[in-house]
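Here is how the chains run, residue by residue.
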Amino acid sequence: MTRIVPALLAGSCSAILLLWATPAWSCSLIGLPQSFQFDGETVPSNVSGALYRYCEETFPAEDPELSLVDADGEPVDFSFERHRHGLYEVIFEEELVADTSYTFSAQTDCPGDFEDQWTFETTTAASEPVHLGLWRPTDPMQGTVQYPEGGACTMEAEAAYVELEFEPAPDGEAWGKAIAFETFVNGQIWEPKLTLGEPAPAGTSRLGWGEERVYALCDGILPSSTENAPNLDEGINRVEIRTWLPGTDLFWTSESHSFVIRCEEPEDEEPQDPDGDEELDADPDSDDSELDGDESGWCSQTGGSPGDLVWMVLVGLFVWRRRA
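Keep in mind it's a predicted model, so treat the numbers as computed, not measured.

Q: An account of the overall build of the protein chain is requested, with residue identities and associated values reported.
A: Each helix and strand in the protein chain was counted, giving three helices and 18 strands. Across the 324 residues that make up the protein chain, the buried fraction comes to 40%. Approximately 18800 Å² of the protein chain is accessible, and the part contributed by carbon and sulfur atoms is 49%.

Right, dumping it as C-alpha cells:
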C-alpha cells in the first residue's frame, strides 16, 4: 500500500506536468514552411522571375541550393538576389518555353517535413502591361484577428481593421499570379505573420494573393513589434501596396489610402433569461463560467496532441509498474 500511494501521486504529478507543458512544447517543435510564388500556377512564358521565401525570416548562413528544370529535367539558367528577411528574387536568364511544365526546388536545412519542390506551367507570352490593376479598400471594421506572439503561440483578439482587395486591369489579368505584392503602412513595409510559423507566402500577403487586412489590436497581448511588422496604433494609418513583376523593374504603387482605424467600445447588454425578462444569475467564480472578452490563445499542436499526451502518461505508468 505504501508503494501504491507514491506511485499514484507520481503518476498524477507527471500527468499534470505534461498537461501544463505540452502546449508550449508542441509550439516549439513546429516547422517553418518555405514557399515559391508560382506554386501550382500557370504563367506567361515571358515571365522574367519569381519570388522564393526561405523557411525563416532571416537569411541562412549559406544560401539554399536552388534549382529550376523543365519537363525533360533539363536545367534552366537563373540568378537570384536577396531581399528582406529570407525573401529571394529568382531571375530567369532566358525566356521560358510556352506550354511547358517547370519544377523549382530548394535544398535547405529547414526544420519540419514541408514542401521543397514546386511545379508550375507556362502559357503563351503576354504583352508587357501598362497598368496591372488597383486596390479597393473597405470601410473600417472591427472584429477578431489572429496573430503570433512570443514565438510560442497563436493569439486571437479584437481589432479594428481595413481590408483591401486587388482588381486586375485587362493588362494584369494575363499575368495572373506572376504579379507580386508588398504592403507598406506609414511608409514602412508591413508583413506580419498570420499564425505561428507561417510567414507570408512569397509575393502575397498572409491572407493570400490579392487580399490584405491592415489592423490595430484593441485588446490582448501586443505582439513583438519587428522591423517588417510594426504594431499599428489606433488613429490615422496610411496604406500603399506595391504591385510588381519580379525579375523586372516594372512595378506600380497603389494610390495612397489613409484610414482612421479606431476601436469602438461594445454596447453593454444585460443577459436575459430565455424564459423571461429576468437577468440570468452568473457566478463569476464558478468553474463553469466563461472568460470575459474576445481574447483567446492557443498553441499549435503540430508537435503533439491530446492523444499523444495520454499515450505518454500511460507509457510512463507502465514503465513505473515494470520497475516496481
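Q: So, the sheet that holds strand β5 (residues 78-82): which residues are in play, and what are the values?
A: Taken in spatial order, the four strands line up as β1-β3-β6-β5 in an open sheet, and their pairing is antiparallel. Looking at strand neighbours, the two that pair on one side only are β1 (35-36) and β5, the edges of this open sheet. For β1 and strand β3 (residues 49-53), the ladder comprises two bridges, and the chain directions are antiparallel. Each bridged residue has a counterpart across the sheet, and for Phe36 the counterpart in β3 is Tyr52.

Q: Account for the nonpolar core, with residues named and values stated.
A: Phe38, Tyr52 and Phe92 are the most contacted members of the largest nonpolar core, which has 53 residues in total. For this core, the element with the most residues is strand β11 (residues 153-168), which contributes eight residues. Setting aside residues up to four positions removed in sequence, Phe38 forms contacts with Val43, Val47, Gly49, Ala50, Phe92, Thr119, Phe120, Lys177 and Ala178. Counting five residues, the second-largest nonpolar core is a separate cluster that includes Leu51, Leu87, Ala202 and Trp244.

Q: Which residues make up the packing of aromatic side chains, and what values go with them?
A: One pass over the full model with this rule turns up 18 aromatic pairs. An aromatic cluster of at least three residues, connected via ring pairs, comprises Phe36, Phe38, Tyr52, Phe78, Phe80, Tyr88, Tyr102, Phe104, Trp118 and Phe120. Here the guanidinium or amino end of Arg242 rests over the ring plane of Trp244, the centre of that ring lying 4.6 Å away. The positively charged end of Arg242 is found above the aromatic ring belonging to Phe251, 4.8 Å away from the centroid.

Q: Summarise a negative patch on the surface; cite the residues concerned and give the values.
A: Taken together, the side chains of Asp233, Glu234, Glu264 and Glu265 define an acidic patch exposed on the protein surface. Tracing the backbone through its elements, the reader meets Glu265 in the loop between β17 (257-261) and β18 (296-298). According to the relative accessible area criterion, Glu265 is exposed, its value standing at 72%.

Q: Run through unusual backbone geometry, naming residues and quoting values.
A: With the exception of glycine, most residues fall at negative phi, and the peptide bonds are largely trans. Despite not being glycine, Asp99 has its phi angle at roughly 55 degrees, a positive value. Tracing the sequence through the fold places Asp99 in the loop between β6 (87-92) and β7 (101-107). Judged by relative accessible area, Asp99 falls into the exposed class, the value being 62%.

Q: Could you give an account of the side chain of Glu158, with specific residues and numbers?
A: Within the secondary structure, Glu158 sits in strand β11. Within the buried set, Glu158 has no salt-bridge partner at all; the shortest N-O distance to an opposite charge, 11 Å, is to Arg213.

Q: Any chance you could break down the pairing of strand β8 (residues 117-123) for me, citing the residues and the numbers?
A: On a regular strand, each side chain points to the face opposite its neighbour's, so the side chains alternate between the two faces of the sheet. Only one face of β8 is buried, namely the one carrying Trp118, Phe120 and Thr122, since none of Gln117, Thr119, Glu121 and Thr123 on the opposite face is buried. Of the pairings in the sheet, the one linking strand β2 (residues 42-44) to β8 comprises three bridges and is parallel in character. Note on β8: the bridge partner recorded for Val43 is Thr122.

Q: Can you lay out the confidence of the model for the protein chain for me, pointing to particular residues and giving the numbers?
A: When pLDDT is averaged along the protein chain, the result is 75, and 67% of the positions lie at 70 or above. Overall, residues 1-29 carries pLDDT values under 50, and its contacts beyond four positions in sequence, including any with other chains, amount to 27 contacts. Low pLDDT, under 50, characterises residues 278-323; the stretch is placed with 57 contacts to residues that sit more than four places away or in other chains.

Q: Explain the side chain of Thr183 to me, using residue names and the numbers behind them.
A: Looking at the secondary structure, you find Thr183 in strand β12 (residues 180-185). Judged by its relative accessible area of 7%, Thr183 is buried. Of note is the side chain of Thr183, whose polar atom sits 2.7 Å from the side chain of Glu212. Ignoring any residue separated from it by four or fewer positions in sequence, one finds Thr183 in contact with Gln188, Ile189, Trp190, Glu212, Val239, Glu240 and Ile241.

Q: Provide a residue-level description of the sheet that holds β2, including the pertinent values.
A: Pairing in this open sheet of four strands is mixed, and the strands run β2-β8-β7-β4 from one edge to the other. Two strands lie at the open edges of the sheet, namely β2 and β4 (65-70), each paired on one side alone. Going across the sheet, the axis of each strand differs from the next one's by a mean of 30 degrees, ignoring polarity. Across six bridges, β4 lies against β7 in antiparallel orientation. Following the sheet pairing, Leu68 is matched in β7 by Phe104.

Reading the values: the criteria
- Residues numbered from 1 in each chain as written.
- Predicted model: local features only at pLDDT ≥ 70, side-chain atom pairs only at ≥ 80, totals over all residues.
- Heavy atoms only, no water.
- Helix = DSSP H or I, 4+ residues; strand = E, 2+ residues; numbered from the N terminus.
- Buried < 20%, exposed > 50% of the residue type's maximum accessible area, 1.4 Å probe, protein only.
- Areas by Shrake-Rupley, 256 points an atom, 1.4 Å probe, with all protein chains shown as cover.
- Pairing = 2+ DSSP bridges.
- Core = buried A, V, L, I, M, F, W, Y, C linked by side-chain atoms within 4.5 Å.
- Contact = heavy atoms within 4.5 Å.
- Phe/Tyr/Trp six-rings, centres within 6.5 Å; stacked < 30°, edge-to-face > 60°.
- Lys NZ or Arg CZ within 6 Å of the ring centre and 35° of its normal.
- Patch = residues over 30% accessible without salt bridge, like charges linked within 9 Å, V, L, I, M, F, W, Y side chains within 5 Å.
- Salt bridge = Lys/Arg side-chain N within 4 Å of Asp/Glu carboxyl O.
- Lys, Arg positive; Asp, Glu negative; His and termini not counted.
- Charge placed at Lys NZ, Arg CZ, Asp CG, Glu CD.
- pLDDT = per-residue confidence, 0-100.
- Polar contact = N/O pair within 3.5 Å; in protein donor to acceptor, adjacent residues only side chain to side chain.
- Axes fitted to C-alpha atoms, helices over the stretch in contact; angles between N-to-C directions.

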